[in-house]
Amino acid sequence: MITLNETHDPALRSWVVSANSPTTDFPVQNLPFGVFRRRNTTEAFRGGVAIGDQIVDLAALSSAGALQGLAHTAAQAASADKLNALMDLGPQAWSALRLGLSRLLREGAAPPPALQACLVPMAVAEFDVPARIGDYTDFYTSVHHATNVGRLFRPDNPLLPNYKWVPIGYHGRASSIGVSGQQFRRPLGQILPPGATQPVVGPSKRLDIELELGVFMGRGNDLGEPIGIEAAEDHVFGLCLFNDWSARDIQAWEYQPLGPFLAKSFASTISPWLVTMEALAPFRVPFSHPPEDPQPLPYLDSAANRASGGLDIELSAELQTPAMRKSGVAPHRLCLTNYRHAYWTVAQMVAHHTVNGCNLNAGDLLGSGTLSGPTSDQAAALLELTVGGKQPVQLPNGEQRVFLEDGDTVALRGWCQREGAARIGFGECVGTVLPARV
Ligand code: CA
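All of the points below concern the structure found in this document. (Residues numbered from 1 in each chain as written. Predicted model: local features only at pLDDT ≥ 70, side-chain atom pairs only at ≥ 80, totals over all residues. Heavy atoms only, no water.)

1. Some points on the pairing of strand 14 (residues 236-243)
Across a regular strand the side chains alternate sides, sitting on one face of the sheet and then on the other.
Next, step 1: Strand 14 sits mainly inside the fold: 8 of its 8 residues count as buried.
Next, step 2: Pairing analysis gives 7 bridges linking strand 13 (residues 211-217) to strand 14, with the strands arranged antiparallel. In the sheet register, Glu212 faces strand 14, and the bridge partner there is Phe242.
Next, step 3: One ladder, built from 2 bridges, connects strand 14 with strand 17 (residues 275-276); its direction is antiparallel. (Buried < 20%, exposed > 50% of the residue type's maximum accessible area, 1.4 Å probe, protein only. Helix = DSSP H or I, 4+ residues; strand = E, 2+ residues; numbered from the N terminus. Pairing = 2+ DSSP bridges.)

Here it is as structure tokens:
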């Protein structure tokens, strides 16, 4: 597990003035990675690092020869249009690049003109999915979400007996994952109307969000060689926000016995910036199962995971309808939750995924599952917030929502904050629902 070092020093400031704002998501202590280019150009996408309201162009930086050794190697790897090569280099290289960038960007370092020329304002940039995602696996790590949803489908048996033993997951589609700003059509599918015995085909009427975190894998493992829980986080590159849009009516009809399929695979949206595990080091929290619950089996247990396997990440979802947008009404917060409530940690997801010998690859994406907390205002999906569609969400302009309507925009946000550490954030993850294809 990563220990604190000079890059986390809360006293550090940057000569990039906007990075010193108390409200920025991207102070010099964060340094998250993404891929970008200037909007409305045919420039190649390349790796970048967020600092305040600017992006450090890693392709330009590595050409400028501003970094040495392993940090230079890592910046070169990040010059490509996807970050897979950087992810494959492993934690020593990621850390060397972070340290090199921190030293170049901090106040007191005289910024060479060549370095200033490597900055691109975020306001003129567009982003792409930062990795070639070979495989996407979605977990189900919130016991609160699993219980709330289970209660709607099976009132007398909400939580299935395997839940507290197995980090439940399924394999999703990588092809339909898009970056923040994604607009997608309302999906069509088979739906069983209430009381009917035969399904109809039509647009989903129960389109929902899932507020999750995405986990991008670094260097993978060979087929047949599990990743032990002690080493699991060495294989994790970083985290992003993840909205795993879901069609509840399609899901309810199709999910038995093999789990979600077309109810989930039409679109998922990630935030452009990947916050590294090193940047998250000040925000580790202890992890445990309640004493009355089954304790993790040995391959899912370690002293480090118990001491600091959890992450204190605040997460919110906001909704803005077309009418709100038109009349300038600010987005309405649907929920505020925290990743520390998860029942399984990042390390446990990786250890479990590979215990059978399954090989993960750099750039693979793991979803945390909907991160609902213990109270009803921490429910991270409309299905839960509206109690299965029975209690509409009241919006500030008098509108109501049970599920998403056409034109609705949802923005996820995430941030970490505590005494003695610089506040860091994830930026935002925005997606908009378009009408179904006729
Ligand atoms: Ca999901």
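2. Description of the coordination of the calcium ion
Next, step 1: Protein coordination at the calcium ion comes from Asp138 (OD), Glu210 (OE), Glu212 (OE) and Asp244 (OD), with a distance range of 2.1 to 2.3 Å.
Next, step 2: Read in sequence order, the donor residues for the calcium ion give the motif D-x71-E-x1-E-x31-D. Taken together, the residues span a long stretch of sequence, with Glu212 in strand 13 and Asp244 in the loop between strand 14 and strand 15 (246-247) at a distance of 32 residues. Comparing Glu212 with Asp244, the two get one shared label, buried. (Donors = N, O, S within 2.8 Å, 3.2 Å for Na, K, Ca; no water.)

3. Points about the packing of helix 2 (residues 69-77) against helix 4 (residues 91-105)
Next, step 1: Axis separation between helix 2 and helix 4 bottoms out at 8 Å; the angle between their running directions is 100°. Comparing their axes, helix 4 and helix 2 come out roughly perpendicular. In contact with Leu70, Ala71, Ala74 and Ala75 of helix 2, helix 4 contributes Gln92, Ala93, Ala96 and Leu97.
Next, step 2: Per-class residue counts for the contact of helix 2 with helix 4 are 7 nonpolar, 1 polar and no charged. (Axes fitted to C-alpha atoms, helices over the stretch in contact; angles between N-to-C directions. Parallel < 35°, antiparallel > 145°, perpendicular 65-115°, else oblique. Contact = heavy atoms within 4.5 Å. Nonpolar A, V, L, I, M, F, W, Y, C, P; charged D, E, K, R; others polar.)

4. Details of the pattern of salt bridges
Next, step 1: Inspection of every chain in the model, using the stated rule, returns 23 salt bridges.
Next, step 2: Residue Asp25 pairs with Arg423 through a salt bridge whose shortest N-O separation is 2.9 Å. Here the residue Asp25 occupies a position in the segment before strand 1 (33-38), and Arg423 occupies one in the loop between strand 25 (409-416) and strand 26 (424-434), the gap between them amounting to 398 residues.
Next, step 3: For Arg423, a relative accessible area of 22% puts it in the partly exposed group.
Next, step 4: The partner of Glu399 in a salt bridge is Arg401, with the nearest N and O atoms 3.9 Å apart.
Next, step 5: We classify Glu399 as partly exposed; its relative accessible area is 22%.
Next, step 6: When salt bridges with common partners are traced through the structure, they connect Arg38, Glu43, Arg46 and Asp57 into a single cluster. (Salt bridge = Lys/Arg side-chain N within 4 Å of Asp/Glu carboxyl O.)

5. Concerning the pairing of strand 26
Next, step 1: Most of strand 26 is tucked away: 9 of the 11 residues are buried.
Next, step 2: Across 4 bridges, strand 9 (residues 182-185) lies against strand 26 in parallel orientation. Bridge assignment links Gln182 to a residue of strand 26, and that residue is Gly431.
Next, step 3: Two elements, strand 25 and strand 26, share 7 bridges in a ladder whose sense is antiparallel. The partner of Leu412 across the bridge, within strand 26, is Cys429.

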